[in-house]
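Coordinate inspection notes
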Amino acid sequence: MTENEGQENTLKETPRSEGLAIALGGGMARGFAHIGVLNVLERNGIRPSIVAGTSIGSVVGAAYLAGKLKDLEEWALSLNRLKIMSYLDLRVKSAGLIGGKRLNSLLEQNFKDMEIEDLPCPFKTIATDLVTGHEVWIKRGSLIEAMKASFALPGVFPPVERNQRFLIDGALVNPVPVSACQAMNARMTIGVDLHADVIGKAAKPGQNYQTVAGFDIFDDKEITDEQKHNFTSSITKRLFRREDQNHPSLFGVMVSSLNIMQDRLTRSRLAGEPPDIHIKPMIGHIGLLEFEKASELIGEGEAAALRALPEIKAAIDVLLPAKFE
């Protein structure tokens, strides 16, 4: 038995807190904070029996239930800007700027042939119907397809065709899927919100706009001219390069606009569907594409969970008194 197989079996055999749910919100690179939250819960013997995830939250949630959270954490900590660029197989004349072949290969290595039904407890990913705008809950079938549909950021990744529908990022309709947890008969829900302190934070000193990617590929001193030439194309340059250094790039405007919408929608949805425990990692200063800051994001996820831990335990005593021993 390999180390990974042993980890997977251990997780599936570990008793879970019946009726305890966790809703993992969307937020691109900031989703690595979910890893820190789940690590703290696991260390304290708090194991949700219901999981729902939107966008990056669906990826972390799937990895957690499949016993691959440690693998995901190690991969995240290995990322640097050059490695991130190597995953960008940009293309034109398609429904998304990134083809996703390299990311698909990565998912296949870890989740090949896995079905949602194979997971040890109920799991839902959230997507959006491109035609109707309806919220779509995926609770069965291919785990990879469910994740890809949930993180199909409009204009960046192509929509996923499933059951004669084109599905895109679930954060457009439900950034923190508390409602999906409640629909799975959760008696207590922990919501992890990655937008608690986002607006206006991810900006460099002297800039009057957010640095959405967290960096400018063509001004980055960590990447050599030769590497830029090998990993970028004319379309990449038009997307990321700014004509005026005091103004955002095309890609920056597009993603920042989505970020604002998600922030406002998150506030609205959580006001009407509040979780029992609201965990808010303070990560607004980190750009949406700063995947190389995994260590800081995981660390703040852990810090946020530790801040909430007394409240979590108190809520468990009230809401799950006979279930959590």
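Keep in mind it's a predicted model, so treat the numbers as computed, not measured.

1. Looking at the overall build of the chain
Scanning the chain for helices and strands turns up 12 helices and 8 strands. Across the 325 residues in the chain, those meeting the buried criterion constitute 56%. Of the roughly 14,600 Å² that the chain leaves accessible, carbon and sulfur atoms contribute 51%.

2. Here we look at empty space enclosed by the protein
Overall, the coordinates contain 2 cavities of 30 Å³ or more when judged by the stated rule. Of the voids in this model, the second largest cavity is the one considered here, and its volume is about 50 Å³. Its residues assigned to classes, the lining of the second largest cavity shows 5 nonpolar, 3 polar and no charged.

3. Focus: the packing of helix H4 (residues 69-78) against helix H12 (residues 294-319)
The contact between H4 and H12 brings their axes to 8 Å, and the two run at 135°. Judged by the inter-axis angle, H4 sits oblique to H12. Along the contact surface, H4 presents Glu-73, Ala-76 and Leu-77, while H12 presents Ala-294, Ser-295 and Ile-298. In terms of residue class, the contact of H4 with H12 is made up of 4 nonpolar, 1 polar and 1 charged.

4. Things to note about the pairing of strand E3 (residues 123-129)
With 7 of 7 residues buried, E3 is to be regarded as a mostly interior element. Residues of E3 alternate between two faces, with Phe-123, Thr-125, Ala-127 and Asp-129 on one and Lys-124, Ile-126 and Thr-128 on the opposite face, all of them buried. Here strand E2 (residues 48-54) runs beside E3; their pairing, made up of 4 bridges, is parallel. Opposite Val-51, over in E3, you have Phe-123 as the bridge partner. Following E3, the chain reverses through 5 residues before pairing antiparallel with strand E4 (residues 135-138); Gly-133 in that reversal takes a positive phi of roughly 80°. Sheet analysis places E3 next to strand E6 (residues 165-169), joined by 3 bridges and oriented antiparallel. For Asp-129, the partnering residue across the bridge sits in E6 and is Leu-167.

5. Let's talk about helix H2 (residues 33-43)
Burial analysis of H2 places 9 of its 11 residues in the buried class, which makes it a mostly covered element. Among all positions in H2, only Ala-33, His-34, Ile-35, Gly-36, Val-37, Leu-38, Asn-39, Val-40 and Leu-41 are buried. Where H2 is buried, its residues touch strand E1 (17-24), helix H3 (56-65), H4, strand E7 (188-192), strand E8 (277-279) and H12. Gly-45 sits one or two positions beyond H2 and adopts a positive phi of about 70°.

6. A look at the pairing of E1
Counting buried positions along E1 gives 7 out of 8 residues, so the element sits mostly inside the fold. Across 5 bridges, the pairing between E1 and E2 is parallel. Among the inter-strand pairings, Leu-24 is bridged to a residue of E2, identified as Gly-53. In terms of handedness, the path from E1 via H2 over to E2 forms a crossover that is right-handed. The pairing of E1 with E7 spans 5 bridges and is classified as parallel. Note that in E7 the partner of Ala-23 across the bridge is Gly-191.

7. Regarding the pattern of salt bridges
Following the criterion strictly, the structure yields 10 salt bridges and no others. Taking the shortest distance from any N to any O, the salt bridge between Asp-129 and Arg-165 comes out at 2.8 Å. Of this pair, Asp-129 sits in strand E3 while Arg-165 is found in strand E6, placing the two residues 36 residues apart along the sequence. Shared partners join several salt bridges into a network, and the residues in it are Glu-135, Arg-269 and Glu-273.

Rules used in this analysis
Residues numbered from 1 in each chain as written. Predicted model: local features only at pLDDT ≥ 70, side-chain atom pairs only at ≥ 80, totals over all residues. Heavy atoms only, no water. Helix = DSSP H or I, 4+ residues; strand = E, 2+ residues; numbered from the N terminus. Buried < 20%, exposed > 50% of the residue type's maximum accessible area, 1.4 Å probe, protein only. Areas by Shrake-Rupley, 256 points an atom, 1.4 Å probe, with all protein chains shown as cover. 1 Å grid on protein atoms, 1.4 Å probe; cavity = no way out; pocket = protein on both sides within 12 Å on 5 of 7 lines; lining within 4 Å. Points joined across faces, edges and corners; volume = space filled by probe spheres on them. Nonpolar A, V, L, I, M, F, W, Y, C, P; charged D, E, K, R; others polar. Axes fitted to C-alpha atoms, helices over the stretch in contact; angles between N-to-C directions. Parallel < 35°, antiparallel > 145°, perpendicular 65-115°, else oblique. Contact = heavy atoms within 4.5 Å. Pairing = 2+ DSSP bridges. Right-handed = clockwise from strand over helix to strand, strands pointing away. Salt bridge = Lys/Arg side-chain N within 4 Å of Asp/Glu carboxyl O.

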